[in-house]
Amino acid sequence: MEFLSSIENSGFATWVRESPSLLAYTLFLALHTIGLAFLVGFTVALALRLFGVGSRLPLAPFASFFPFMYVGFLVNLLTGLVLFSTAPINFLSNPVMYVKLGAVFASVFCLLKLKRLVFSDLAKADARPVPANAKTLAGASLFLWSVALVMGRLTAYSRPVVIASVIAFVVFAVLFLAVVFVTRLGSRGEMSGQRA
Amino acid sequence: MEAFVNYWLVWPSIVNFLNANSWGWTLSEILHFVGLVMLIGTVGMFDLRLLGVGKGFPLEPLRQLLPWGVVGFLLCVATGLVFTLGLQANVPNPIYEVLMTDIWLQLKLLFMALAGVNLLFFYLSGASAEVDRLGAGQDAPPLAKAIAGASLILWLGVVYFGRLIPWAL
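Residues numbered from 1 in each chain as written. Chains lettered and ligands numbered in written order. Predicted model: local features only at pLDDT ≥ 70, side-chain atom pairs only at ≥ 80, totals over all residues. Heavy atoms only, no water.

### A closer look at the overall build of chain A
We apply this condition: Helix and strand definitions here come from DSSP, where helices need a minimum of 4 consecutive H or I residues and strands a minimum of 2 consecutive E residues; each element is numbered from the N-terminal end. Exposure classes here rest on a 1.4 Å probe applied to the protein chains alone. A residue is buried below 20% of its type maximum, exposed above 50%, and partly exposed in between. Contacts are assigned to residue pairs that have any heavy atoms within 4.5 Å of one another. Computed with a 1.4 Å probe, the accessible areas rest on the Shrake-Rupley method; for each residue, only the protein chains presented here act as cover. By the counting rule applied here, Lys and Arg register as positive and Asp and Glu as negative, while His and the ends of each chain are not counted. Working definition for charges: the position is that of NZ of Lys, CZ of Arg, CG of Asp or CD of Glu.
Secondary structure assignment for chain A yields nine helices and zero strands. In terms of principal-axis extent, the alpha carbons of chain A reach across some 70 × 40 × 30 Å. A burial count over chain A gives 44% of its 196 residues as buried. Expressed as a percentage of contacts within chain A between residues at least 6 apart in sequence, the contacts between residues at least 24 apart total 74%. Carbon and sulfur atoms make up 72% of the accessible area of chain A, which totals about 10300 Å². Measuring between centres, the 15 positive side-chain charges of chain A sit 14 Å from its 6 negative side-chain charges.

### Focus: the interface of chain A and chain B
The condition is simple: As a working definition, buried area equals the accessible area (1.4 Å probe) given up by two parts on being put together, with both sides summed. Salt bridges are defined as contacts in which a side-chain nitrogen from Lys or Arg sits within 4 Å of a carboxyl oxygen from Asp or Glu. Throughout this description, a polar contact denotes any pair of N or O atoms lying within 3.5 Å of each other; where both atoms belong to protein, one of them has to be capable of donating a hydrogen while the other can accept it, and for residues adjacent in sequence the pair is counted only when both atoms sit in side chains.
Opposite the 41 residues of chain A that make contact, chain B presents 39 residues. Contact with chain B buries area across many residues of chain A, yet Leu57, Phe65 and Arg153 of chain A alone supply 16% of it, more than any other trio. At the junction of chain A with chain B, the criterion picks out two salt bridges. For the salt bridge of Glu60 of chain B with Arg56 of chain A, the shortest nitrogen-to-oxygen distance reads 3.1 Å. The interface formed by chain A and chain B includes six residue pairs in polar contact (both at pLDDT 80 or more).

### Quick word on the confidence of the model for chain A
Residues and elements named next belong to chain A. Stated formally: The predictor reports its confidence for every residue as pLDDT, a score running from 0 up to 100.
Residues of chain A with pLDDT of at least 70 account for 94%, and the chain-wide mean is 92. Averaged pLDDT values for the elements of chain A fall to 82 in helix H9 (residues 159-195) and rise to 98 in helix H4 (residues 66-85). Confidence drops under pLDDT 50 across residues 189-196; counting only partners more than four residues distant or on other chains, this segment forms one contact.

### Looking at the side chain of Lys108 of chain B
Here Lys108 of chain B is to be found in helix H7 (residues 103-124). The buried charged residue Lys108 of chain B lacks any salt bridge, with Asp102 of chain B as its nearest oppositely charged partner at 11 Å.

### A look at the domain arrangement of chain A
Residue and element names in this part refer to chain A. Keep this limit in mind: Just so you know, the domain bounds were taken from an automatic or database domain assignment.
Domain annotation for chain A reports domain 1 (2-156) and domain 2 (159-196). Domain 1 and domain 2 are separated by 23 Å when their C-alpha centres are compared. Contacts between the two partners involve ten residues from domain 1 and, on the opposite side, eight residues from domain 2. The junction of domain 1 with domain 2 conceals about 570 Å² of combined surface from both sides, 74% of it contributed by carbon and sulfur atoms. Applying the counting rule to domain 1 against domain 2 returns zero salt bridges. Joining domain 1 to domain 2, the criterion identifies zero residue pairs in polar contact (both at pLDDT 80 or more). Of all the elements in the fold, those that place two or more residues in the side of domain 1 that touches domain 2 are helix H6 (95-119) and helix H8 (132-154).

### Considerations on the packing of H8 of chain A against helix H3 (residues 22-51) of chain B
Selection criterion: To get an axis, a line is fitted to the C-alpha atoms, and for a helix only the part in contact is used. The angle between two axes follows their N-to-C directions and goes from 0 to 180 degrees. Angles below 35 degrees are treated as roughly parallel, those above 145 as roughly antiparallel, those between 65 and 115 as roughly perpendicular, and all remaining angles as oblique. Each crossing gets its hand from how the near helix is turned against the far one by less than a right angle, where anticlockwise is left-handed and clockwise is right-handed.
Across the interface, H8 of chain A lies against H3 of chain B with an axial gap of 10 Å and an inter-helix angle of 135°. With respect to each other, H8 of chain A and H3 of chain B are oriented oblique. Crossing handedness for the pair H8 of chain A and H3 of chain B: right-handed. When H8 of chain A is examined against H3 of chain B, the residues Leu149, Val150, Arg153 and Leu154 of chain A are found in contact with a partner set consisting of Thr26, Glu29, Ile30, Phe33, Val34 and Val37 of chain B.

### Some words on H3 of chain B
Residue and element names in this part refer to chain B. The line we're drawing: Any helix carries an expected span of 1.5 Å times its number of residues minus one.
With 30 residues, H3 extends 43 Å from end C-alpha to end C-alpha; this agrees with the ideal 44 Å at 1.5 Å per step. Along H3, 26 of the 30 residues are buried, which leaves the element largely enclosed by surrounding structure. Looking one or two residues beyond H3, the residue adopting positive phi is Gly52, at roughly 115°.

### Structural notes on the pattern of salt bridges
Under the defined criterion, the tally for this structure stands at seven salt bridges over all chains. Close ionic contact of Arg17 of chain A with Glu18 of chain A constitutes a salt bridge, the shortest N to O distance being 3.7 Å. Among the ionic pairs, Lys55 of chain B bridges to Asp139 of chain B, the shortest N-O distance being 3.6 Å. Here Lys55 of chain B, found in the loop between H3 and helix H4 (59-62), pairs with Asp139 of chain B, found in the loop between helix H8 (127-132) and helix H9 (142-164); they are 84 residues apart in sequence, far enough to count as distant. Taken together, the shared-partner salt bridges in this structure form one network comprising Lys55, Asp139 and Lys145 of chain B.

### Regarding the layout of surface pockets
Short version of the rule: The method works on a 1 Å grid over the protein atoms by themselves. A cavity is a set of points holding a 1.4 Å probe that cannot get out, a pocket is an open set with protein on both sides within 12 Å along at least five of seven lines, and residues with an atom within 4 Å of a point line them. Grid points are joined across faces, edges and corners, and a volume is the space filled by probe spheres set on the points. Each residue receives one of three labels: charged for Asp, Glu, Lys and Arg, nonpolar for Ala, Val, Leu, Ile, Met, Phe, Trp, Tyr, Cys and Pro, and polar for the others, Gly being one of them.
Roughly 1100 Å³ of volume is contained in the second largest pocket. Only helix H3 (25-50), H8 and H9 of chain A together with H3 and helix H5 (66-85) of chain B provide two or more residues apiece to the lining of the second largest pocket. Counting residues per element, the lining of the second largest pocket draws most heavily on H9 of chain A, at 13 residues. For the lining of the second largest pocket, the class distribution of residues is 30 nonpolar, two polar and two charged. Per-domain counts for the lining of the second largest pocket show at least three residues from each of domain 1 (2-156) and domain 2 (159-196) of chain A.

### Here we look at the environment of Phe169 of chain A
Note that Phe169 of chain A resides in helix H9. Once the C-alpha coordinates of Phe169 of chain A and Ser146 of chain A are considered, the two residues, 23 residues apart in sequence, prove to be 9.6 Å apart. Other than its neighbours up to four places away in sequence, Phe169 of chain A contacts Ser146 and Val150 of chain A together with Leu27, Ile30, Leu31 and Val34 of chain B.

### A few points about the side chain of Asn76 of chain A
Residues and elements named next belong to chain A. Secondary-structure assignment places Asn76 in helix H4. Classification of Asn76 as buried rests on a relative accessible area of 13%. A distance of 3.0 Å separates the side chain of Asn76 from the backbone oxygen of His32, its partner in a polar contact. With sequence-adjacent residues up to four places away left out, Asn76 is seen in contact with Leu31, His32, Gly35 and Leu36.

Here it is in structure tokens:
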């Protein structure tokens, strides 16, 4: 506890928290969002392809985007540590934060497994059908990223608001997926029609 | 003008809904982030391909990812309107004052407009039709690269300025 408050009261953490400079709090916050956009965004694009959107798209070139995802993760790890240092006691006493961190690391683990499974031999990536495991890993990664993103947004709110918001998000996500599923069934029929 | 803006950009039904349901604002925030992830993930990948990353992608099938970026954009617009039209539920500042004084909101709107002009130029200049023919491994023409670079910078600017909006209030 003393250690945590010494972090919180350190010159750097105080500067980040209290300085009106554009290089202080807001920069770390904005970089945290941009890192998230690249890391999760490209995971979404890869997952869409594995689920069959743009199925004529070769898989191998997706490997070129992994460095962007790694940089995104690194940026978010560093900016996350800085943001954490501004109020460590607060963050560590917030259960929402633990769920978020657990989801982040589990999701990155799924992503790395996916990378090994699909992209370890680029020459073969497109020579065989997408392994069923790959879809499961992509789906798990997306699910875990939504947990991380939802929890990340909710760190600053009280418990009743967190619970209500999670329920609202789940309802929205189920409706969204239902619409996607129904419209994809329609477009799938179209595609097989084209092939015939 | 001030009265006009404050009248038309405040929707009491949205303000009342947000006041009555604590999850309204937070769900909008969450979906705003989901939308930006979908937008940057697909449009950003398309832009980077034109700039030369992952050149193994032929362009035409890569375009099939873009509708998901549009869905993300629409999520952001819809939830952004919730923040605007229902602002009173969250902060006391009248919307006219925020529009006139919040430099980050102004820059964000400017960058969104520029991104729109850039997209329009992509189609009208013929760059869009030209890149459609790009096969795996082929380099995009310089004009298409410039447009892709501008798109990437403008959308990242939108995210950056957007994140700063509350700090000017």
